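# Inside the fold
Now for the letters of each chain:
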Amino acid sequence: MNMQNEQDKLVHEEQGLGEVFVPSQVVKNFNEMVSDPNVLQLPSDRSAKRSSENQGQNQAPLLTDKQTAQPLIRKKEPPPDELKKLNKQMNGSNHHSQDDVSIKSSGGGKSPVQQTTQRRVKRMNSKLKSRHHVQKQQSDLAKKILKITESTPFSIIMAIVTIYALFGDDIRILSVDKQGDDVFFILTVICMVAFLAEIILTSICKPEYIFNFYFVLDIISTITMILDLGWITDTWYSGDLSSAAQIKSIGTASRAARKAARVIRVIRLVRLVKLYKHARQQMEKEQQKKMLQELLRQAQQNKSQDQQAPQQPQIQAQSNQQVVPIVSNIEEQRVSQNDIESSRTPDKNSTGSNLKTSQTTSQAEDQIKESVVGAQLSDLVMRRVITIILAILISIPVLSLDTYQEMISSYDSGIYRIYQFRNNEQVMKSLLYQYAQFHVSEIFPIYSVDVKLEGDTNSKLHEWSYDTNPEIFEQPAYETKNQYRFSDLQYYVKAEGSDLQTYAAADLVTYNQTNAILSIFQTVFVCIVLAVSALMFSKDVSDLVIDPIEAMMQKIEMIAANPLEAVNIEEQEDLIMEELEKQQDVEKLKQKEIEKHMETYVLQRLIMKVGALLAVGFGEAGSEIIAENIKKGGSVDPMIPGKKILAIFGFCDIRNFTDATEVLQQGVMLFVNEIAEIVHSTVDSMSGSANKNIGDAFLLVWKYSPNDYHPDPDNPKNLKLKSDRYIKQKGDMAVIAFLKIITAISISKKLEKYKKHEGLNARMKDYSVKMGFGLHMGWGIEGAIGSGFKIDASYLSPNVNMASRLEAATKQFGSLILVSGILKQYLTEECQKQMRMIDIVTVKGSIVPLELHTIDMSIKNLQSKIKGLRDKFDVSQMTQKESKKFRVVNRFKREDLMKKVQNNQVSVTDLFTTDDELAAAREPYTQVFYETWKQGFEQYIKGSWGDAQQTFQKTLTMIPEHKDGPSNTLLEVIHSCGGKAPKDWKGFRELTEK
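Conventions adopted
- Residues numbered from 1 in each chain as written.
- Predicted model: local features only at pLDDT ≥ 70, side-chain atom pairs only at ≥ 80, totals over all residues.
- Heavy atoms only, no water.
- Helix = DSSP H or I, 4+ residues; strand = E, 2+ residues; numbered from the N terminus.
- Buried < 20%, exposed > 50% of the residue type's maximum accessible area, 1.4 Å probe, protein only.
- Contact = heavy atoms within 4.5 Å.
- Areas by Shrake-Rupley, 256 points an atom, 1.4 Å probe, with all protein chains shown as cover.
- Salt bridge = Lys/Arg side-chain N within 4 Å of Asp/Glu carboxyl O.
- pLDDT = per-residue confidence, 0-100.
- UniProt positions renumbered as here; feature names shortened; annotations may be inferred.
- Pairing = 2+ DSSP bridges.
- Axes fitted to C-alpha atoms, helices over the stretch in contact; angles between N-to-C directions.
- Patch = residues over 30% accessible without salt bridge, like charges linked within 9 Å, V, L, I, M, F, W, Y side chains within 5 Å.
- Polar contact = N/O pair within 3.5 Å; in protein donor to acceptor, adjacent residues only side chain to side chain.
- Expected span 1.5 Å × (residues − 1).
- Phe/Tyr/Trp six-rings, centres within 6.5 Å; stacked < 30°, edge-to-face > 60°.
- Lys NZ or Arg CZ within 6 Å of the ring centre and 35° of its normal.

### With respect to the overall build of the protein
Secondary structure summary: the protein contains 39 helices and 15 strands in total. Counting the 994 residues in the protein, one finds 40% classified as buried. In the protein, once contacts between residues fewer than 6 apart in sequence are set aside, the share between residues at least 24 apart is 71%. Taken as a whole, the protein presents about 56800 Å² of accessible surface, with 56% of it coming from carbon and sulfur.

And the structure:
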């Protein structure tokens, strides 16, 4: 195969300049086929045949490369020795890799430099292969782990483990005593190991899972299971049981730990979300399998219908039997379009059904696959809901006083003891003292105790309180009992039937106040959680949906206002990314990277790309068409009425284009586009716009703003340009743009190869890229030309035709550029001084004399003065980012230049002296030359053609190594009239050639 490639390459080189019109293998195969028509051979067999088989007398004529299909100059064939050497090298290279072939096929003996280069390439290839192999292994491992974690058995196991984590400890307390705890503790350890294994496996197959929201919750919920292990908690809560204080602290810690464990255990509820997500994924997979199974059945049926034959029933039965096993082997994720198509035998009859099936499959996958925005929004909503629920569930016990205070039963038991000994006043008072003192500093301090003493005939109960015994009772919150609310006192009563015997009143004021404070905090906290959650929900919807939609609408409105702005925005956004990378703003870069995968972002980019394509396709002339159709909505109507504008129209044409096309063939596209890059970029830098690309010609336009002109008072149908300097400088920019194109083409590095092109030089001796330029100013009708089927946004006007005629006239006058007198009068004086009037003519269809002006340029002097070729606007060697940055910077320079021109802060004509290319091209043309020419031209206009002839003969050769074109043209005109002006000479002549 490599040898065959080398042979093709050799034949390719033999045919000259890379123009192979009939592939060599096609020629060879055809020749071998017609030499032996009885033998049908494969291409690989034909390559082994030799020309000796083609010696028959009745041999058919062989297919050969026609002379008309070859370049004009053919390279010499290499000597037979070199061919043998090359074949030997190609034969030896068949056993090596593609990279080695590219090195070894370059020559026979290798120099030390080549050998070093080869070894370096091999080492680089080895490193790249090794790195690729490691990455492939890692990728394969991640895929296998992902397949395991998303499998149904794994999901069922983790569901069981999750359910145990939620209810296992409660079941342990309900079902067994301490002797059976170890079994549950072992199960808890197994659950923890399962959770840790799931976290590790998920982290491997999904790197984005590490340290994200669910990762943190999974870690916390797994750690909380340590509190369910009695082996550990018993060690924490154990201590010296001989000390009362130690026993009390142990009891307090144990109660706090139990409550904290129940609060923290709520976090494990998050794992239910995973169960839900797994269940939903499984349902989606089942739905996908059913849909794909149905698609495959339809595909088999379509195939059977397209391949109807006598055995159709049998074939149909076999194809139907194959559907089930095919579907049963489908991967869990999805069957790609290629997999479905590969299950069918491609043939001509099934092409339509294959296409239909693949389209149906694509639509089905799009229906099943959740959008990135939808998935992101769903995930964020789930996170917010989880956060709200956890925050509220945790806040309720945390902000409740009962969490920190243990309820005691001594209130009822103490009052009962007092009731029992009410007949013994001394014992009763001792118990009352202990009762009151015991509850000092407790959750409910005792406010008063009322006792009906036994034997007392008074039905009223005796009361002991802070007022009667301040040494026993804690000071109450209020001075009198009337100040207490009903809810501020808690009563503990002992009665005999309906007869009240004893009761105690507990002071709840401090308790209620503390609970009120905590309730305020709880309410405020819940309000904050709800408010923040509402804001976050709103922010999520805004960030993912509303803001992108509003951004789309803003961009659409921007395109409607100025369609050409779409190109700027699309390129500027890429530059913003580049600036963020330079600043190493990780957060913004990460956010931008996430946005790139959103459908809304894709739509925004699509809008800008469509706008940019419309702007490039329609150009400035079509901006009104784009804007009007976007603004009005409804159906597309490109045929909007034309608009009259005032502009400078420039025409430029590639010389000898027909010959270049015949020689370059398919390479002519690259040829034209390389020239167009220079033309369009230069015009754009001078605030002009490209309108038409007509093969070898380009129409360029510099539109004046509506504020720059007004209707002519003498003839309202005509438009009259204002005389402000900044308006005249716009004309200067058009002239300088064309001059810069001339210099850029003359010293272009990319166009230099055409000077050395053998085919072009054979057709046209000493070929180089040359162009002619014409500039004219006037009104034009801007709008859509064509119909609803196809339109071109361009300009219709006799002034456009005039620019084209001026460009064509450059050939007659031997000039590079012609500028009409109408345009000249609207240029600055500095620019007018650079021009030379070379004739006054009337064109066909007009009787109004037109001045013709040129700006002289010496290409030879330019090329001799400028050292080194250059391409100012070449982006072919740049990366995509660099090229976009280059265009944005140039666009900024253009806008900045236009602002300075409008504010009269810069003079464009300074470029005639400051620009090295223009200065070099203009250098040979001295003041003496222009004074001599002016003298001869005045004689020509006055009709003194004899004197003019002598003067023009001087100017013809006054410039070294240059024959003046206008002098030669006027000399020919004078000579054609016998050296005398016609009797009806009016100072101008008719330009006969169109």
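### Brief notes about the pattern of salt bridges
Inspection of every chain in the model, using the stated rule, returns 27 salt bridges. The residue Arg763 makes a salt bridge to Asp659 at a minimum N-O spacing of 3.2 Å. Taken together, the residues Arg763 in helix H29 (residues 758-763) and Asp659 in helix H25 (residues 657-664) connect sequence positions 104 residues apart. Residue Arg763 is classed as partly exposed on the basis of its relative accessible area, which comes to 33%. Where Lys750 meets Glu677, a salt bridge forms, and the shortest distance between an N and an O atom there is 3.0 Å. Pair noted here: Lys750 is in the loop between helix H27 (725-746) and helix H28 (752-755) and Glu677 is in helix H26 (residues 668-685), with a separation of 73 residues, a long-range link. Using a relative accessible area of 18% as the deciding quantity, one classes Lys750 as buried. Put simply, Lys740, Arg870, Asp915, Asp916 and Glu917 are held in one network by salt bridges that share partners.

### Topic: the confidence of the model for the protein
Averaged over the protein, the pLDDT score is 76; the fraction of residues at 70 or greater is 71%. The model gives residues 310-353 a pLDDT under 50, and that stretch makes 54 contacts with residues more than four places away or in other chains.

### Here we look at unusual backbone geometry
Phi at Asn656 takes a positive value of approximately 55°, unusual for a residue other than glycine. With respect to the helices and strands, the residue Asn656 is situated in the loop between strand E5 (643-654) and H25. Unlike most non-glycine residues, Asn904 shows phi in positive territory, near 55°.

### Some words on the UniProt feature "transmembrane region" (unreviewed entry) in the protein
UniProt records the feature "transmembrane region" (unreviewed entry) at residues 145-167, 183-201, 213-232, 381-401 and 516-537, using the numbering of this structure. Annotated as residues 213-232, this span is 70% helix and 0% strand, and its ends, taken at the C-alpha atoms, are 28 Å apart. This span, residues 516-537, is 100% helix and 0% strand, and a straight line between its end C-alpha atoms measures 31 Å.

### Considerations on the pairing of strand E11 (residues 791-796)
Sheet topology places strand E10 (residues 771-786) next to E11; six bridges connect them, and they run antiparallel. Pairing of Gly786 across the sheet is with Ile791, part of E11. Between E10 and the antiparallel strand that follows it, E11, lie four residues.

### Observations regarding the sheet that holds strand E4 (residues 499-507)
Each strand in a sheet pairs with its neighbour through backbone hydrogen bonds, running either in the same direction (parallel) or in the opposite one (antiparallel). The strand order E2-E1-E4-E3 describes an open sheet built from four strands, whose pairing is antiparallel. The sheet is open, and its two edges are formed by strand E2 (462-465) and strand E3 (489-496), each paired on a single side. The sheet shows a mean angle of 15° between the axes of neighbouring strands, taken without regard to direction. Strand direction decides the pairing type here: E3 and E4, joined by eight bridges, are antiparallel. Looking at the pairing, Tyr492 lines up with Ala504 of E4. The strands touched by helix H18 (residues 410-420) are strand E1 (446-451), E3 and E4; relative to E4, the strand with the most contacts, the crossing angle is about 140°.

### Observations regarding a nonpolar patch on the surface
The grouping of Val183, Ile186, Leu187, Val189, Ile190, Val193 and Trp231 at the surface amounts to a nonpolar patch, some 620 Å² of accessible area in total. Looking at which element gives the most residues to the nonpolar patch, the answer is helix H8 (residues 181-205), with six residues. If you trace the backbone, Ile190 turns up in helix H8.

### Observations concerning the side chain of Ser907
As for its placement among the helices and strands, Ser907 is situated in the loop between helix H34 (880-902) and helix H35 (911-914). By relative accessible area, Ser907 is classed as buried at 17%. A polar side-chain atom of Ser907 sits 3.3 Å from a polar atom in the side chain of Arg725. Excluding anything up to four places from it in sequence, Ser907 contacts Arg725 and Gln729.

### Here's the deal with H18
Every buried residue belonging to H18 is among Ser410, Tyr411, Gly414, Ile415, Ile418 and Tyr419, and all of these are buried. Turning to H18, the residues buried within the fold contact helix H19 (425-438), E1, E3 and E4.

### What about H27?
With 22 residues, H27 should reach 32 Å at 1.5 Å per residue; the first-to-last C-alpha distance of 31 Å fits that figure. Within H27, 20 of the 22 residues are buried, which leaves it mostly tucked inside the rest of the structure.

### Describing the packing of aromatic side chains
In the structure shown here, the tally under the stated rule is 24 aromatic pairs. For the pair Tyr491 and Tyr503, a centre-to-centre distance of 6.0 Å together with 55° between the ring planes defines the contact as tilted. Taken together, the residues Tyr491 in strand E3 and Tyr503 in strand E4 connect sequence positions twelve residues apart. We classify Tyr491 as partly exposed; its relative accessible area is 33%. Site record: aromatic cluster; members linked through ring pairs are Trp933, Phe937, Tyr940, Trp945, Phe952 and Trp985. The ring of Trp779 has Lys644 lying over it, and the distance from NZ or CZ to the ring centre is 4.9 Å.

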